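# An overview of the molecular structure
Listed below, chain by chain, are the residues.
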Amino acid sequence: MVSLRGVASSSTTSSSFLQLPTGALLLFLLLSFRVASSEVRSPHRSFPRIHRNLPNFSFRSGGVRQITPSKNISKLLDNLLEGYDQTLRPSFGGDPTTVEIDIEVRSMSQISEMDMTYSMDCYFRQSWVDERLAFSDLEEAFTLSVSVLDKLWKPDTFIYNGKKSYVHLITTPNKFIRLYQNGRILYSSRLTINANCPMNLHDFPMDTQRCPLKLGSFAYTTQDVIYRWNENRQVVIASDLMLSQFDLIATPSGFENTTRRAGEFSTLLASFHLQRHMGNFMITVYGPCVLLVVLSWVSFWLNREATSDRISLGITTVLTMTFLGLEARTDLPKVPYSTALDLFVWLSYGFIFATIIEFAFVHVFTKVGSGEVYLSEASSEFDSDEEEEEDDEEPDTEPVAVCMTVTQRGLAGSPSTGPNGVGTSKPRASLTMGSKSSFFTRLARLCGRGGKGSTPATPVNTIDHLKKARRAEQRRQQAVAAAVAAVVKEEEEEEEARRWNQGRRSKKKTTTTTTTTTTTTTTNKLLQMNSVSNIDEISRVLFPLSFLCINFLYWYTFLSYNPWPQNYL
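Residues numbered from 1 in each chain as written. Predicted model: local features only at pLDDT ≥ 70, side-chain atom pairs only at ≥ 80, totals over all residues. Heavy atoms only, no water.

## Some details on the state of the cysteines
Throughout the structure, instances matching the rule amount to one disulfide. Residue pairing for Cys197: its cysteine sulfur links by disulfide to Cys211, the two sulfurs lying 2.2 Å apart. On the sign convention where negative is left-handed, the bridge of Cys197 and Cys211, at about -75 degrees about the S-S bond, is left-handed. You can see Cys197 sitting in the loop between β9 (184–196) and β10 (208–217) and its partner Cys211 sitting in strand β10, a full 14 residues away along the chain. (Disulfide = S-S within 2.5 Å. Helix = DSSP H or I, 4+ residues; strand = E, 2+ residues; numbered from the N terminus.)

What follows is the structure, encoded as structure tokens:
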């Protein structure tokens, strides 16, 4: 139909313009043909284009969230900050501004007894309401740039007991600020706080330290700013927090008002209760001290005649204990009081020193008035008794042919004639220094004694006779020792026979009463050789028991003592 309409219109036009020139007619026909062809190519009806701003969406974690155009937020911030005075606190002239604080501790380190400080890395969050920044154009909070923080009012919070604290700046300043619809501002930053921690080291290393943290406003009094802990989170400890020397057992918190020269200021308090680990001190101090004390007791089992061995052992343990005690205080401040570790070191030192004093008593009572004698003394007394008995029983059986002359080194003197015609030095051969041995004593007696009917002895070669006399003395002592051993063995056999054959008639003694008495005395003296002192026997039991009792009291006293409760600030 469109084509027929075009043909009809073209025929009508040609009839009406027959009088027009030929060029104009051709131009008119060309235009008509172009219009007809365009109507054939686009038979459908066209509509005007509508321009509309459609919202953008972002896809995160499977959800869809509409993105607010940044142009709107920038316009909103410009409107909020228009006429905003950052030098005035919120609600200026009205109620005080309440600042809520919470801390999340990520790590703690450098807890130093020398400096009495501690350091911790934490997220420090502050929140307050500023009605001047309330808005209704958006339905959710949004995070602002850190540069906006310089245009807003913020509290001047500082740490009362802080020494050196700083904000982390890598890679950018670790801060962020979030604005809520009601005008609440959340300001969070990552801090490293180095604060003072006064320590009481009386119970060291079984102590529990309380390291405080005190926060507050530097310039605003309670009439302007009030600090409170966040009700939902106050002091939060990271679950992976680990300390090398301590266990964090409690973190109580609270608030109070502090009076300063400018007025009354609101402050927040938090305490970190730290229980010290004892493993390191058990390995380096307590264990070696106990081993040194036990090592000093070895001297109780050494022979009391081993003077050099016992003294060397005692001095070595004392010096080692001294070095150990000095080393234990290397990492501690020079406090004017003794710690629990010092007390244990001194107790161990006292036991080691008492071991040396005990040996001194053993040595004194062995030498004087205790009846415990050395082998040389027992042999000397035995030899003297034997010589006297032989002289009384057989005065005429052994002629004396040796005359001693006493010189400056030995038995010196000019020979003279004694009452029996025997040449002597001084009456009864008085002895000089160095002649206290039994051999020279008996030899001096022989020089002053003569048998009945004997002729005076003539001077002979004294050195040869002294050598012969010493060899004869040695043979005699060996024979006496063998005889004594035989007698002792025989007495033991007789005692055993009497024990098993009670009622039987005891055998007739083979030795005389004098011989039995002498043998018994000699046996008792020989049995005292290398015997154990009674003081050593008592010390073997007394020293360990005393050390165990003192250790029990020591550990019970310090481990059961609690200086403050869990919620103590």
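## Some remarks on the packing of helix α4 (residues 279–296) against helix α5 (residues 307–328)
In helix packing, the relevant descriptors are the interaxial angle and the interaxial distance, both defined with respect to the helix axes. Their axes nearest at 10 Å, the elements α4 and α5 cross at an angle of 165 degrees. Relative to α5, the element α4 lies roughly antiparallel. At the point where α4 passes α5, the crossing takes the left-handed sense. Across the interface between the two elements, Thr284, Val285, Pro288, Cys289, Leu292, Leu295 and Ser296 from α4 touch Leu313, Thr317, Thr320, Met321, Leu324 and Ala328 from α5. (Axes fitted to C-alpha atoms, helices over the stretch in contact; angles between N-to-C directions. Parallel < 35°, antiparallel > 145°, perpendicular 65-115°, else oblique. Left-handed = near helix turned anticlockwise from the far one by under 90°. Contact = heavy atoms within 4.5 Å.)

## Things to note about the pairing of strand β11 (residues 225–229)
Only one face of β11 is covered, namely the face carrying Val225, Tyr227 and Trp229; the face carrying Ile226 and Arg228 is uncovered. As judged from the five bridges shared by strand β3 (residues 97–112) and β11, these two strands associate in the parallel manner. Each residue of the ladder has a partner; that of Thr98, found in β11, is Ile226. (Buried < 20%, exposed > 50% of the residue type's maximum accessible area, 1.4 Å probe, protein only. Pairing = 2+ DSSP bridges.)

## Considering a negative patch on the surface
Taken together, the side chains of Glu490, Glu491, Glu492, Glu493 and Glu496 define an acidic patch exposed on the protein surface. When you line up the elements, Glu491 lands in helix α9 (residues 462–500). (Patch = residues over 30% accessible without salt bridge, like charges linked within 9 Å, V, L, I, M, F, W, Y side chains within 5 Å. Areas by Shrake-Rupley, 256 points an atom, 1.4 Å probe, with all protein chains shown as cover. Salt bridge = Lys/Arg side-chain N within 4 Å of Asp/Glu carboxyl O. Lys, Arg positive; Asp, Glu negative; His and termini not counted. Charge placed at Lys NZ, Arg CZ, Asp CG, Glu CD.)

## Focus on the pattern of salt bridges
Side chains that differ in sign of charge can pair as their charged atoms come close. This model, assessed by the stated rule, comprises 15 salt bridges. One salt bridge in this structure joins Glu104 and Arg125, with 3.2 Å as the shortest N-O distance. Of this pair, Glu104 sits in strand β3 while Arg125 sits in strand β4 (residues 117–129); the two residues are 21 residues apart in sequence, bridging distant segments of the chain. For the pair shown, Glu104 and Arg125 are each scored as buried.

## Side note on the packing of aromatic side chains
Going through the model one piece at a time under the given rule, you end up with 20 aromatic pairs. With centroids separated by 6.1 Å and ring planes inclined at 55 degrees, the aromatic side chains of Tyr118 and Phe272 adopt a geometry described as tilted. You can see Tyr118 sitting in strand β4 and its partner Phe272 sitting in strand β15 (residues 263–276), a full 154 residues away along the chain. Taken as a pair, Tyr118 and Phe272 share a single burial class, namely buried. Ring geometry for Trp153 versus Tyr220: centroids 6.0 Å apart, planes at 70 degrees, classification edge-to-face. Placement of the pair is Trp153 in the loop between β5 (142–144) and β6 (157–159) and Tyr220 in the loop between β10 and β11, with a sequence separation of 67 residues. (Phe/Tyr/Trp six-rings, centres within 6.5 Å; stacked < 30°, edge-to-face > 60°.)

## Topic: α4
An ideal rise of 1.5 Å per residue puts 26 Å on 18 residues; α4 measures up with 25 Å between its terminal C-alpha atoms. Of all the bends in α4, the largest measures some 35 degrees and sits at Tyr286, one to four residues before the proline Pro288. (Expected span 1.5 Å × (residues − 1). Bend = angle between axes of the 7 residues up to and from the residue.)

## Quick word on the side chain of Arg276
Position of Arg276 among the secondary structure elements: in strand β15. By relative accessible area, Arg276 is classed as buried at 3%. Separated by 2.4 Å, the side chains of Arg276 and Glu113 make a polar contact. For Arg276, the side chain forms a polar contact with the side chain of Asp207, separated by 2.7 Å. (Polar contact = N/O pair within 3.5 Å; in protein donor to acceptor, adjacent residues only side chain to side chain.)

## Describing the pairing of strand β14 (residues 253–260)
Bridge count between β14 and β15: eight bridges; the pairing is antiparallel. Note on β15: the bridge partner recorded for Arg260 is Gly263.

## A short note on the environment of Leu268
Within the element layout of this structure, Leu268 appears in strand β15. The buried category is assigned to Leu268, whose relative accessible area is 0%. C-alpha separation for the pair Leu268 and Trp229, spaced 39 residues apart in sequence, amounts to 7.4 Å. Look past the residues within four positions of Leu268 in its chain and what remains in contact with it is Ile101, Leu213, Lys214, Leu215, Tyr227, Arg228, Trp229, Gly254 and Phe255.

## Describing the confidence of the model for the protein
Mean pLDDT for the protein: 75, with 64% of residues reaching 70 or above. Every residue in residues 368–382 scores below 50 in pLDDT, and together they form 22 contacts with partners more than four places removed in sequence or on other chains. Across residues 505–512, where pLDDT falls below 50, the model places three contacts with residues more than four positions away in sequence or in other chains. (pLDDT = per-residue confidence, 0-100.)

## Quick look at the packing of α4 against helix α11 (residues 534–559)
Closest axis-to-axis distance for the α4/α11 pair is 12 Å, and the angle between their directions is 155 degrees. Taken together, α4 and α11 sit at an angle that is classed as roughly antiparallel. For α4 against α11, the interelement crossing comes out right-handed. Between α4 and α11, the contacting residues are Met282, Tyr286, Val290 and Val293 on the first element and Phe547, Tyr554 and Trp555 on the second. Here the residues of the contact of α4 with α11 sort into seven nonpolar, no polar and no charged. (Nonpolar A, V, L, I, M, F, W, Y, C, P; charged D, E, K, R; others polar.)

## Focus: the environment of Ile101
The residue Ile101 is located in strand β3 in this model. Put simply, Ile101 and Ser127 are 26 residues apart on the chain and 6.5 Å apart in space, counted from C-alpha to C-alpha. Setting aside anything within four residues of it in sequence, one finds Ile101 in contact with Phe124, Arg125, Gln126, Thr157, Leu215, Tyr227, Arg228, Trp229, Asn230, Arg233 and Leu268.

## Looking at a nonpolar patch on the surface
Side chains of Phe353, Ile357, Phe361, Val364 and Phe365 sit close together on the surface and give an oily, nonpolar patch of about 470 Å² of accessible area. Residue class for Phe365 comes out partly exposed when judged on its relative accessible area of 42%.

## Thoughts on unusual backbone geometry
Keep in mind that most residues, glycine aside, have a negative phi and that most peptide bonds are trans. Looking along the chain, the bond that leaves Ile170 and enters Thr171 is cis, with omega of -5 degrees. Relative to the helices and strands, Thr171 resides in the loop between β7 (166–167) and β8 (175–179). Following Phe204, the chain continues into Pro205 via a peptide bond in cis, with omega recorded as 5 degrees. For Ser91, which is not glycine, the phi torsion reads 55 degrees and is therefore positive. Residue position: Ser91 is located in the loop between α3 (70–81) and β3. One non-glycine residue, Gln110, lies in positive phi territory at about 55 degrees. Looking at the element boundaries, Gln110 is found in strand β3.

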